[in-house]
Amino acid sequence: MARATPRDRDRSITRTRAAMALIGVVAGLSVWFLFDRLPELLDNPRLTLLLTAAVAGGFGVTLALAGPARPARAALAALILAVPGALLLSWAALRYDTVEAALRSGHLLAAFTGYLFIATPFASACLEAPRLWRDYAALFDAAWTILMRYAAGWLFVAIFWGVALLSDAVLGLVGITVIADLIEVDWAVAALSGLVLGLALAVIYELREYLSPHLLLRLLRLLSPIVLAVMVVFLAAAALRGVSGLLGDLSVAGTLLAMSLAAIALISVAIDCDNGRAVHGRAMRLVVEALAVLLPLLVAVAIWALWQRVAQYGWTPDRLVAALSAAVIMAYAILYAVAVLRRHHWMDRVRRANVAMALVVAGLCVLWLTPLLNAERIATASQLSRFADGRAPLDDLALWEMAHRWGRPGDAGLERLAQMQDHPEHGALLTRIADARRARTQQGYARLAGDGGDIAAALAAAVPLRPEDQVLPQGAFAGLAPFYQRQALEACRRTLGDGRPGCVLVMARFNSHLDLPQGVMLLRAGEARIIAHAVELRAGRLRRTGGLRDVTTGLSASLTTEAIARALDGDFRVRPAGLNMIELGGKGLVPEN
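Computed from a predicted model, the values in this text were never measured in an experiment.

Trainee: How should I be thinking about the overall build of the protein chain in this particular structure?
Mentor: Along its length, the protein chain carries 22 helices and 9 strands. For the protein chain, the C-alpha atoms occupy an extent of roughly 95 × 65 × 60 Å along the three principal directions. Classification of the 593 residues of the protein chain by burial places 47% in the buried group. For the protein chain, contacts bridging at least 24 residues in sequence account for 68% of all contacts bridging at least 6. As displayed, the protein chain offers around 29,500 Å² of accessible surface, 63% of which is attributable to carbon and sulfur atoms. Side chains of the protein chain give 57 positive and 47 negative charges; the mean places of these two sets differ by 7 Å.

Structural data, given as structure tokens:
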């Protein structure tokens, strides 16, 4: 077989660049047409969704695969992936009365995107050779190469338009507006962006030996010791002090799951595609092994925090997404930890686990778009069950979400609630359902439902003020967001051992430069967990300004129910610490704001 001459290689490069540029132009024009013109021509939003998802997903996958694969083969593979995904997305959108409502939910589009994102490297490896579709080295290189190509390609598109705008500014000085006129034409901008992206992806593939993911992977490895140190400190603090208060007002589950994902990514980066490219240094190997062994503990805390929320308020689509994510991450964590603890060839076992879990996640994304994992139906059933058996009071029902965010299952749930004529709160329930359907926003529903009045009045009667001579204006608690109002009222109902309410508002002037009444609200959130809010009184309404920080540790305040008892007894004092601080049980506390 004759060797390719430099002239043949140049012709091949030119053909590839032209093909990729053409694909980019067609992709840009197609996306412009689908989003800008098709809705005007086709009065069928569901068919528009199907076509848009299939075309946009298809071109996205085609551009990712083309280069290593011939454009025609890449387009065929993209078609095989994108069309079924678009059909599933359109099917799932039938849960909602409108396509707009389905897309606004977010999780359906995320499942569609996740399915394509995971399936594309498998398609790339299969196009290289069908037997490689489960080969970890091929999948690893394909995934990171696609990521790098797209990142560099879009960066070049941004640079191109930056240069175009600068050129327009220069030419505008002499009265030439040709570039400005071009930028005002939407289809031209879309076509040019696609052309530049396609051409950039082609050139990046040509220079793959120089612009490879290896540099990025080596840099990411340097983060492993940092993540390990954070995990160790957190787990040690959690063991000594408990989880409550460590993360202030951030979502405990979301924060820990994000950190767990970072650890999973760093472990995968460290083991690379084979043992020859994996970490070799003894210290770094120990760091990676420690990450893998500690990871299940971190995920377990996240699952515990999530379950506390579910047990208190029931399932919602967002919590189902979080729970499914937590289950997947825990599966990764257990597989990694077991692989390391079995010692010999643990990196090979982790690589096999990565391939299996990638297929599992892709399968879950597909199931999420089918009736088997109908998040809206599951969430609605949870809310109805909790209300029917008395676990959820009327104030905790997600009525507005059922009316506006949970599609047809939510509407059906409201109808079933309305039929609970034997329930003692049936009359109030009908009023709330009508309010939920009428309100366009959650804040509007809160006002209609009386959360800004009824609950505020209940709080005014339930929350003890300290010092005892303190008096708040009528309706002061209405200034708090509905969530914090309900949280405070529930805390007051969780009485202390001596029967006193599990809440207290201590008014104290922390910032002498702020000419407003300020205070600290302590709320009992469980057997031992205390939530602390810093508040201020503006125009007769309380406003939450942040949490509390322990001046000694610099961390968010970690308090017990004893702090509420001491505050109720008046066993506290306010003294300066830069800002004035409140001293409770030997701890100095200041607002975090």
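Trainee: It is not clear to me how the pairing of strand 3 (residues 518–524) should be interpreted in this structure. Could you clarify?
Mentor: Walk down a regular strand and you will see the side chains alternate between the two sheet faces. Of all 7 residues in strand 3, 7 are buried; the element is thus mostly enclosed. Where burial is concerned, the two faces of strand 3 agree: the one with Gln 518, Val 520, Leu 522 and Arg 524 and the one with Gly 519, Met 521 and Leu 523 are both buried. Two strands pair when backbone bridges link them, and strand 2 (residues 503–507) and strand 3 are joined in this way by 5 bridges, in the antiparallel orientation. Across the sheet, the residue bridging to Cys 503 is Leu 523, located in strand 3. Here 7 bridges tie strand 3 to strand 4 (residues 530–538), and the two strands are oriented antiparallel to one another.

Trainee: Just checking my understanding: could you explain the packing of aromatic side chains for this structure?
Mentor: One pair of aromatic rings is described through two measures. These are the centre distance and the angle between the planes. As enumerated under the stated definition, the model contains 5 aromatic pairs in all. Aromatic ring contacts, followed pair by pair, group Tyr 136, Phe 140 and Trp 144 into a single cluster. Taking the ring centre of Tyr 205 as reference, the NZ or CZ of Arg 208 above it sits at 4.0 Å.

Trainee: Looking at this structure, I do not really get the state of the cysteines. What am I missing?
Mentor: Joining two cysteines, a disulfide is a covalent bond between their sulfur atoms. Inspection of the entire model under this criterion finds 1 disulfide. For Cys 492, the disulfide goes to Cys 503, at an S-S distance of 2.0 Å. One disulfide, between Cys 492 and Cys 503, carries an S-S torsion of 110° and so falls in the right-handed class. With Cys 492 in helix 21 (residues 482–493) and Cys 503 in strand 2, this pair connects stretches of sequence that are 11 residues apart. A relative accessible area of 8% places Cys 492 in the buried class. Note on Cys 503: relative accessible area 0%, which makes it buried. The thiol sulfur of Cys 126 is not disulfide-bonded, and the nearest other cysteine sulfur, from Cys 273, lies at 19 Å. We classify Cys 273 as buried; its relative accessible area is 6%.

Trainee: So what exactly am I meant to see when it comes to the nonpolar core here?
Mentor: In a soluble, globular protein the nonpolar side chains are often hidden away together inside. Counting 107 residues, the largest nonpolar core has Leu 108, Leu 295, Tyr 336, Trp 346 and Leu 369 as its most contacted members. Ranked by residues supplied to this core, first place goes to helix 12 (residues 282–313) with 12 residues. Excluding residues that lie within four positions of it along the chain, Leu 369 makes contacts with Leu 88, Leu 89, Trp 91, Ala 92, Arg 95, Leu 108, Ala 111 and Phe 112.

Trainee: Would you mind going over the packing of helix 11 (residues 252–271) against helix 12 with me for this structure?
Mentor: Helix-helix packing is characterised by the crossing angle of the two axes and by the distance between the axes. Packing of helix 11 against helix 12 brings their axes to within 9 Å, and their N-to-C directions diverge by 160°. When the interaxial angle is binned, helix 11 and helix 12 end up roughly antiparallel. Relative to helix 12, helix 11 is oriented so that their crossing is left-handed. Side by side, helix 11 and helix 12 meet where Val 252, Ala 253, Leu 256, Leu 257, Met 259, Ser 260, Ala 263, Ile 264, Ile 267 and Ala 270 of the first sit next to Val 288, Leu 291, Ala 292, Leu 295, Leu 298, Val 299, Val 301, Ala 302, Ala 305 and Leu 306 of the second. Here the residues of the contact of helix 11 with helix 12 sort into 19 nonpolar, 1 polar and no charged.

Trainee: Is there a simple way to explain the sheet that holds strand 5 (residues 541–546) in this structure?
Mentor: The strands that make up a sheet are held in pairs by hydrogen bonds between backbone atoms, and each pair lies either parallel or antiparallel. Read across the open sheet, the 5 strands follow the order 1-2-3-4-5; overall the sheet is mixed. Edge positions in the sheet fall to strand 1 (465–466) and strand 5, since each has one partner strand and no second. Running at roughly 60° to strand 3, helix 21 makes contact with strand 2, strand 3, strand 4 and strand 5 of the sheet.

Trainee: I'm lost on the pairing of strand 2 in this one. Help?
Mentor: Of all 5 residues in strand 2, 5 are buried; the element is thus mostly enclosed. Across the two faces of strand 2 the burial is the same, with Cys 503, Leu 505 and Met 507 and Val 504 and Val 506 all buried. In terms of strand pairing, strand 1 meets strand 2 through 2 bridges, oriented parallel. Paired with Leu 465 across the bridge in strand 2 is Leu 505.

Calculation rules
- Residues numbered from 1 in each chain as written.
- Predicted model: local features only at pLDDT ≥ 70, side-chain atom pairs only at ≥ 80, totals over all residues.
- Heavy atoms only, no water.
- Helix = DSSP H or I, 4+ residues; strand = E, 2+ residues; numbered from the N terminus.
- Buried < 20%, exposed > 50% of the residue type's maximum accessible area, 1.4 Å probe, protein only.
- Contact = heavy atoms within 4.5 Å.
- Areas by Shrake-Rupley, 256 points an atom, 1.4 Å probe, with all protein chains shown as cover.
- Lys, Arg positive; Asp, Glu negative; His and termini not counted.
- Charge placed at Lys NZ, Arg CZ, Asp CG, Glu CD.
- Pairing = 2+ DSSP bridges.
- Phe/Tyr/Trp six-rings, centres within 6.5 Å; stacked < 30°, edge-to-face > 60°.
- Lys NZ or Arg CZ within 6 Å of the ring centre and 35° of its normal.
- Disulfide = S-S within 2.5 Å.
- Core = buried A, V, L, I, M, F, W, Y, C linked by side-chain atoms within 4.5 Å.
- Axes fitted to C-alpha atoms, helices over the stretch in contact; angles between N-to-C directions.
- Parallel < 35°, antiparallel > 145°, perpendicular 65-115°, else oblique.
- Left-handed = near helix turned anticlockwise from the far one by under 90°.
- Nonpolar A, V, L, I, M, F, W, Y, C, P; charged D, E, K, R; others polar.

Spatial relationships are all this shows, so hold off on functional conclusions.
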